[in-house]
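Summary of structural features
Here is what each chain is made of, one letter per residue.
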Amino acid sequence: MLLIDRPGPASASDFHGRAVDDVGHALRLWWFDPIRPALVLGSTQDQSLLRVAACGERGVDVVKRRSGGGLVYVSPEHTLWADVIVPSSHRVWNVDVGKASEWIGECWLAALMEIGVADDFVLHRGAFEATPWSSLVCFAGRGPGEIFDADGRKVLGVSQRRTKDWARFQCAISLKWEPECFVDLIADETLTTGAIVGDGHTVDASFDVESLRSVLAEVLARVSRD
C-alpha cells in the first residue's frame, strides 16, 4: 500500500518539522510545495555558514533539517520536493545506510524515463563521492541513490533520516538551477557562482511536473504491491 499526502503550500520549516508518527506498514509519499524560498542546512551545519541578515532581507528562510548532507536552496520555482517514508517492516527497508537509498533513486529514475526526460541519466551506487564543495552544497556531491546526467551534473538529490522504526528519504529535483539566487547569501568568501554553477542540473523544463508526480506515485505503488 502507498499512502500519498500533499498538504498544500507551507514554509520549508513546517515541512522539515513534520513528524513521522503511526508508522504502520505502508510506504508514504509526501509532496511538499514551499510557499517561499529557503536555504536548508544539513544536520551537521549551522547558521554561521550563511549571511542570515541578508537572507531575511531577501525573503529567504533559514531552516535546519535533521537529515544529513549539505546546503539546499528550495523555492516554488526551483525545486520539486518529496519525502518518502519507509517503515522498517517493509520489504524495501535496508539496514545498510549506504545502500538504503538506492531503491528510491531507482523509482525516481523509472518515473523520469517514463515521462521521457531521462535517456542519459544514471543512478549513483556505492559510496558517497566528495567534491571540493560537497561539504557545503548538497548538489555538489554524489551520494547513493542520487541521479546524474551524462555530464555528471546532479538531477536528483537524496538525504535520509533514520530510526529503528522508519527511514525518511528527502528528495529534491532541480527544476531551475540558478546558484546566483543564493551564492551571495553564503558567508564563505571563497565561494563564487562560477565554482558551483556546473554542479546542479536543470531537468528539461518542458516536462509536466504533475505528470512526474503521478508517475512516481504509480512506480512507488507498484513497489508496494510487488
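An account of the accompanying structure is given in this report.

Conventions used here
- Residues numbered from 1 in each chain as written.
- Predicted model: local features only at pLDDT ≥ 70, side-chain atom pairs only at ≥ 80, totals over all residues.
- Heavy atoms only, no water.
- 1 Å grid on protein atoms, 1.4 Å probe; cavity = no way out; pocket = protein on both sides within 12 Å on 5 of 7 lines; lining within 4 Å.
- Points joined across faces, edges and corners; volume = space filled by probe spheres on them.
- Nonpolar A, V, L, I, M, F, W, Y, C, P; charged D, E, K, R; others polar.
- Buried < 20%, exposed > 50% of the residue type's maximum accessible area, 1.4 Å probe, protein only.
- Helix = DSSP H or I, 4+ residues; strand = E, 2+ residues; numbered from the N terminus.
- Pairing = 2+ DSSP bridges.
- Right-handed = clockwise from strand over helix to strand, strands pointing away.
- Salt bridge = Lys/Arg side-chain N within 4 Å of Asp/Glu carboxyl O.

**Section: the layout of surface pockets**
Volume-wise, the largest pocket comes out at about 310 Å³. Along its surface, the largest pocket is lined by 19 residues, and G68, G69, F128, V158 and S159 are the ones closest to its centre. Here the lining of the largest pocket is built from residues that sort into six nonpolar, 11 polar and two charged.

**Focus: the pairing of strand β4 (residues 61-64)**
Only one face of β4 is buried, namely the one carrying D61 and V63, since none of V62 and K64 on the opposite face is buried. Note that strand β3 (residues 38-41) and β4 share four bridges and pair parallel. When the sheet's bridge partners are listed, V40 is paired in β4 with V63. On the question of chirality, the crossover connecting β3 to the parallel β4 by way of helix α2 (residues 52-58) is right-handed.

**Looking at the pattern of salt bridges**
Under the criterion given, the structure shown has 16 salt bridges. For D165, the salt bridge identified is with K164, shortest N-O distance 3.3 Å. Its relative accessible area of 35% is what places D165 among the partly exposed residues. Each of R6, D33, E210 and R213 takes part in one network of salt bridges that share partners.

Shape is all these values report; function is a separate question.
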